[in-house]
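Chain residues, written in single-letter form:
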Amino acid sequence: MSVAKVDDNRKVTTRRLIEMKQRGEKISMLTAYDYSMAKLIDSAGIDVILVGDSASNVMAGNMTTLPITLDQMIYHAASVKKGVNRTLVVVDLPFGTYQGDPKDAFASAVRVMRETGADCLKLEGGSEIKESIEYILRAGIPVMGHLGLTPQSVNKFGGYSVRAREEVEARKLLEDAHLLEEIGCCSLVLEKIPAELASRVASELTIPVIGIGAGGGVDGQVLVMHDMLGINQGFSPKFLRRYANLGEEIILAVQNYIQDVKSQDFPNENEQY
Ligand code: KIV
């Protein structure tokens, strides 16, 4: 398998993401939750690793992102960070750790930064969490915003359908995007919204806008690693492109192993001491 060529081995910073937007270079971002995968993804040359709270789904088997705790996110993020040389590491603040008192949000943010060595935090929401974001930014912690489909609000939305199709919600999203840039967010994720709206947001903002299910008119793309590698086999939304079928390969490899153990083909004389 060919490894993507990285022409620049300097550490990716939030500043460099802005420079990438300015020169029209698209930003590549994937999720990772553990040391070994982070090491592989980093060596492939990805720009940003998101330690997403999607760990709640793909690592822990929960139906939503709501159950994952701050301690669990810290465990995943610290593991990822150890595998990374060049890539920027962004960590999701999980549900319930920043939507209330801004001082609690600040305490959550400090814990993640101090205990994981992360480069940046991601928080879901706009004007509702403005003060929390400002508190965190004031401490010199970079923040990536997240608008559109924000999975921590799944119970408010009633599902995972495309957001901001209607005029009122689209206008609120546009206002929130500008607000996040004004208060100092370094970048923004837009999830599952119409491509035209996402493209408009990206063209109006100077900070990079990274999309998932938001079309090609944004400044970069993010996918959940388990989805794009075909490990999470049951999930196939329209926006997902699969780059491998590791789920099938893993099952086949395990079946071959079982067969070799049962038939006593493994281990052979070269595989023992
Ligand atoms: O948690 C996550 O994986 C995310 C991406 C879907 C953007 O927030």
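Everything numeric here is computed off the predicted structure, so don't read it as measured data. (Residues numbered from 1 in each chain as written. Predicted model: local features only at pLDDT ≥ 70, side-chain atom pairs only at ≥ 80, totals over all residues. Heavy atoms only, no water.)

(A) Representation of the site of the ligand. As a matter of local geometry, the ligand sits amid T31, L50, G52, D53, S54, D92, K122, H146, E191, I212 and V224. The side chain of D53 places a nitrogen or oxygen atom 3.0 Å from an oxygen atom of the ligand. Residue D92 places a side-chain N or O atom 3.1 Å away from an oxygen atom belonging to the ligand. Protein chains shield 95% of the accessible area of the ligand, which is 260 Å² for the free molecule. Here the residues of the shell around the ligand sort into three nonpolar, four polar and four charged. (Near = heavy atom within 4 Å. Polar contact = N/O pair within 3.5 Å; in protein donor to acceptor, adjacent residues only side chain to side chain. Areas by Shrake-Rupley, 256 points an atom, 1.4 Å probe, with all protein chains shown as cover. Nonpolar A, V, L, I, M, F, W, Y, C, P; charged D, E, K, R; others polar.)

(B) Examining the pairing of strand β3 (residues 88-92) more closely. When you tally the buried positions in β3, you get five out of five residues, the bulk of the element. Burial along β3 is two-sided: the face carrying L88, V90 and D92 and the face carrying V89 and V91 are both buried. One ladder, built from four bridges, connects strand β2 (residues 48-51) with β3; its direction is parallel. Opposite I49, over in β3, you have V89 as the bridge partner. Pairing of β3 with strand β4 (residues 120-124), which is carried by three bridges, proceeds in the parallel orientation. (Buried < 20%, exposed > 50% of the residue type's maximum accessible area, 1.4 Å probe, protein only. Helix = DSSP H or I, 4+ residues; strand = E, 2+ residues; numbered from the N terminus. Pairing = 2+ DSSP bridges.)

(C) How the structure looks around the pattern of salt bridges. Within this structure, the stated rule accounts for 15 salt bridges. Salt-bridge contacts for K122 lead to D92; the nearest nitrogen and oxygen are separated by 2.7 Å. Residue K122 is found in strand β4, and its partner D92 is found in strand β3; the two are separated by 30 residues along the sequence. The exposure class assigned to K122 is buried, which follows from its relative accessible area of 2%. Here D92 falls in the buried class, since its relative accessible area comes to 2%. Connected via shared salt-bridge partners are K11, K81 and D119. (Salt bridge = Lys/Arg side-chain N within 4 Å of Asp/Glu carboxyl O.)

(D) Spatial organisation of the confidence of the model for the chain. Per-residue confidence for the chain gives a mean pLDDT of 96, with 97% of residues at or over 70. Every residue in residues 1-6 is under pLDDT 50, and counting partners more than four places away or in other chains gives six contacts. (pLDDT = per-residue confidence, 0-100. Contact = heavy atoms within 4.5 Å.)

(E) Inspection of the nonpolar core at higher detail. With 61 residues, the main nonpolar core has L188 and L190 as its most contacted residues. Other than its neighbours up to four places away in sequence, L190 contacts L147, L173, A198, V201, V209, I210, G211, I212 and A214. Ranked by size, the runner-up nonpolar core spans 16 residues in total, among them L88, V90, I212 and V222. (Core = buried A, V, L, I, M, F, W, Y, C linked by side-chain atoms within 4.5 Å.)

(F) Up close: the pairing of strand β1 (residues 27-31). Buried residues dominate β1, accounting for four of its five residues. Pairing geometry for β1 and strand β8 (residues 220-223), over four bridges, is parallel. Across the sheet, residue L30 finds its bridge partner in β8, namely L223. As paired elements, β1 and β2 share three bridges and run parallel to each other. Across the sheet, residue T31 finds its bridge partner in β2, namely L50. Crossover handedness for the path β1 to helix α2 (residues 35-44) to β2: right-handed. (Right-handed = clockwise from strand over helix to strand, strands pointing away.)

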